Amino acid sequence: MDIKNAQKVVDDWIKNHGVRYFNELTNMAQLTEEVGEVARIIARRYGEQSEKESDKDKDLGEELADVLFVVLCLANQTGVDLQKAFDKRMDKKAKRDHDRHHNNEKLK
């Protein structure tokens, strides 16, 4: 599924199940919370923190999907065509960063 379709799927879900979008500030707080859940898993599973028994069943993919869902909500409610914005950003990054990363000694 491309990003444009994902935005539509989220919008349809909101209309059929979610009553309405939370306001932008609430969604921003929700996004922060979801990113925190991703950070907790990464820090404990892949970083140096000890993983608690209660964290071992957490699904990183599901938490990343929660982040994506809220990002798509924010894009929808603010009128951002995220597919167009993403494509533009990737083009810019490809032009700007290609040589920069190939010449970075820390990445070799």
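Just above, that's the structure.
My aim in this report is to walk through the structure given alongside it, one point at a time. Remember, it's a predicted structure, so these values are computed and weren't measured experimentally. The residue numbers shown here count from 1 along each chain, following its written sequence. Totals for whole chains, interfaces and linings use all residues, but because this is a predicted model, local features are given only for residues with pLDDT of at least 70 and pairs of side-chain atoms are given and counted only at 80 or more. Excluded from the side-chain calculation are hydrogens and water; included are all heavy atoms of the structure.

Each helix corresponds to a stretch of at least 4 residues labelled H or I by DSSP, and each strand to a stretch of at least 2 residues labelled E; elements are numbered beginning at the N terminus. Across its full length, the protein chain carries four helices and zero strands. In the protein chain, the succession of helices and strands from N to C terminus is α-α-α-α. Every radius of gyration here is taken over C-alpha atoms, with the globule rule written as 2.2 Å times N^0.38, N being the number of residues. For the protein chain, whose C-alpha radius of gyration is 17 Å, the value lies well above the compact-globule estimate of 13 Å for 108 residues. Dimensions of the protein chain, computed from C-alpha atoms along their principal axes, come out at roughly 50 × 45 × 25 Å. Exposure categories follow from relative accessible area, calculated using a 1.4 Å probe and restricted to protein chains: below 20% of the type maximum is buried, above 50% is exposed, and the middle band is partly exposed. Buried positions account for 23% of the 108 residues belonging to the protein chain. Only heavy atoms matter for contacts: two residues are in contact if any of them lie within 4.5 Å across the pair. For the protein chain, the proportion of contacts with a sequence separation of at least 24, taken over those separated by at least 6, is 62%.

The next thing to look at is the packing of aromatic side chains. Here the aromatic set is Phe, Tyr and Trp, taking the six-membered ring for Trp, and pairing holds for ring centres within 6.5 Å; pairs whose planes are under 30 degrees apart are stacked, those over 60 apart are edge-to-face, and all others are tilted. Enumeration over the complete set of coordinates arrives at one aromatic pair. Where W13 meets F69, the ring centres are 5.6 Å apart and the plane angle is 85 degrees; that geometry is what we call edge-to-face. Of this pair, W13 sits in helix 1 (residues 3-18) while F69 is found in helix 3 (residues 60-78), placing the two residues 56 residues apart along the sequence. Note on F69: relative accessible area 31%, which makes it partly exposed.

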